[in-house]
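One letter stands for each residue in the lines below.
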Amino acid sequence: MRRSMKIATTSVALVGLFALAGCTTDPTVAPPDSSAEATDDGGANEWFDQALFDTQMAQREVVPEGPEDEPYLQYIDAEMIDTSQYASTGAKKACFANASISNPWRQTGWITMNQQLEVLQEQGVISEMETRDAQDSDDTQIADIDYFIAEGGCDVFIISPNSTAAMTPAVERACETGKPVIVFDRGVETDCPVTFIHPIGGFAWGIDTAQFLIDNLEEGDKVVGLRILPGVDVLEQRWAAAEYMFEEAGIDAVDYFTGADPAEIKSIISDELAKGDVAGIWMDAGDGAVAAIEAFEDAGVDYPVMTGEDEMSFLRKWKETGLTGLAPVYSNFQWRTPLLAAQKIFAGEEVPKEWVLPQVPIEAGELDQWLEANEGMPDGHYAKFGGENLPGYPEVWQQRQIP
């Protein structure tokens, strides 16, 4: 019999503005000495936040406002703010301080962002976007933001923070210029940006994935959690939510940091299978999902119930194997939204102060639809990238030439 745990979703008070950002910490925390060692938090997970858990649980059920066929312009539970003070005519220069393009998710988003930029340039909204890539370094990104400020030619600052606390003073300095500041993906510990853009969040991911595994497993079944690295807010929150729900449902869960290394993942799964049955696999990102599945194939045992991500490599392996799976989503189309927000701000239109985008997993019944829609895309592509109506589709994404 499948066991299902339901958590009450009665009305909850939303936490204060930017509470998600305020709960983050430095994502550059060094991993443990051995990535193959299971974590042991000795009880309560320090990243678990009941208020955020409840908020994101509720937001998963909210029908977003905004254009039905443009999810990158939709928003959930928004407090709309007046931007008339920034209204002006003429093409504007955008200055983008990017944390990095060091993984497939960020590369997919960066390609989409550049195609959106092309549209806005043709429309005379944006003249150019000067971009500086911090290559996952706090110090570099702080210097990048300060360079933009000193340069004095930016009409709007767009920032995807490398980390939260370290980047907050630099973001505040950008705000002090009087030019609009747009933050997306990861947050900062200040409400000075005009808007903070992000999908629902890590707790929503953890809730979706844990509930799926619980619904398809028995009490006492073992789940192996495969995590990329410690210290990144949205990743830590994903596991904090899942761990909480597994414990409540009586699921035996153990987690490992893998660095998304396929060889490490296979080794971990092989070791766990040698100890006994593994009924489920939980992942905080799609990187390495195929390696995890191959470990079961190598061992000659039944496939697990599994959650991966909307990365094409996982979706294709899911289809090939017929395993019981779910593809959670951390909406990659959010990379379009900052530039579209800038367009609205310079038009003096209202925008959400905290722009919460929808975040909807791909379920088994939708798998064929998303595979067909992304036929010909490389394995590192993300199915819900949201760029189908942009110039260059599909060739630009198929060629995957990083600008």
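Residues numbered from 1 in each chain as written. Predicted model: local features only at pLDDT ≥ 70, side-chain atom pairs only at ≥ 80, totals over all residues. Heavy atoms only, no water.

- Where an unreviewed UniProt entry is consulted, the chain appears under the name Substrate-binding domain-containing protein, with the organism given as Microbacterium allomyrinae.
- Under the Sequence similarities (unreviewed entry) heading, UniProt states for the chain: "Belongs to the bacterial solute-binding protein 2 family."
- Looking at the Subcellular location (unreviewed entry) heading of the UniProt record, one finds this comment for the chain: "Cell envelope". (UniProt positions renumbered as here; feature names shortened; annotations may be inferred.)

Things to note about the state of the cysteines
Here is step 1: Summed over all chains, the structure comprises two disulfides.
Here is step 2: There is a disulfide in this structure between Cys95 and Cys154, and the S-S distance comes to 2.0 Å. The sign of the -95° torsion about the S-S bond sets the Cys95-Cys154 disulfide as left-handed. Within this pair, whereas Cys95 is found in strand S2 (residues 92–98), its partner Cys154 is found in the loop between helix H4 (138–151) and strand S4 (156–160), the two being separated by 59 residues in sequence. For the pair Cys95 and Cys154, one class covers both residues: buried.
Here is step 3: Shown here is the disulfide that connects Cys175 with Cys192, its sulfur atoms set 2.2 Å apart. Around the S-S axis, the bridge from Cys175 to Cys192 shows a dihedral of about 70° and counts as right-handed. Separated by 17 residues along the polypeptide, Cys175 in helix H5 (residues 168–175) and Cys192 in the loop between strand S5 (181–184) and strand S6 (195–199) bring together distant segments of the chain.
Here is step 4: Exposure remark for Cys175: the relative accessible area of 17% places this residue in the buried category.
Here is step 5: For Cys192, a relative accessible area of 28% translates into the label partly exposed. (Disulfide = S-S within 2.5 Å. Helix = DSSP H or I, 4+ residues; strand = E, 2+ residues; numbered from the N terminus. Buried < 20%, exposed > 50% of the residue type's maximum accessible area, 1.4 Å probe, protein only.)

Details of the side chain of Thr190
Here is step 1: Its place among the elements puts Thr190 in the loop between S5 and S6.
Here is step 2: Within the structure, Thr190 has its side chain in polar contact with the backbone nitrogen of Cys192 (distance 3.2 Å). (Polar contact = N/O pair within 3.5 Å; in protein donor to acceptor, adjacent residues only side chain to side chain.)

Some details on the pattern of salt bridges
Here is step 1: Evaluated as defined, the whole model comprises 18 salt bridges.
Here is step 2: Among the salt bridges present, the one from Glu130 reaches Lys93, with a minimum N-O distance of 2.8 Å. Placement of Glu130 in strand S3 (residues 126–133) and of Lys93 in strand S2 is noted, with a sequence separation of 37 residues between them. One exposure class covers both Glu130 and Lys93, and it is buried.
Here is step 3: For Lys344, the salt bridge identified is with Glu349, shortest N-O distance 3.3 Å.
Here is step 4: What makes Lys344 partly exposed here is its relative accessible area of 25%. (Salt bridge = Lys/Arg side-chain N within 4 Å of Asp/Glu carboxyl O.)

A look at the sheet that holds S3
Here is step 1: Taken in spatial order, the six strands make up an open sheet running S3-S2-S4-S5-S6-S13, and their pairing is parallel. Each edge of the open sheet is held by one strand with a lone partner, namely S3 and strand S13 (354–357). Strand-to-strand twist across the sheet, computed as the mean angle between neighbouring axes with direction ignored, equals 15°.
Here is step 2: As judged from the four bridges shared by S6 and S13, these two strands associate in the parallel manner. Across the sheet, the residue bridging to Ile197 is Trp355, located in S13.
Here is step 3: Most of the contacts of helix H3 (residues 104–122) go to S3, to which it runs at about 160°, and overall it touches S2, S3, S4 and S5. (Pairing = 2+ DSSP bridges. Axes fitted to C-alpha atoms, helices over the stretch in contact; angles between N-to-C directions. Contact = heavy atoms within 4.5 Å.)

Some remarks on the nonpolar core
Here is step 1: Formed by 64 residues in total, the largest nonpolar core has its most connected members in Met113 and Phe246.
Here is step 2: The greatest single-element share of this core, amounting to nine residues, is contributed by helix H7 (residues 233–249).
Here is step 3: Setting aside anything within four residues of it in sequence, one finds Phe246 in contact with Ala210, Leu213, Ile214, Val223, Trp239, Ile251, Ala253 and Trp282. (Core = buried A, V, L, I, M, F, W, Y, C linked by side-chain atoms within 4.5 Å.)

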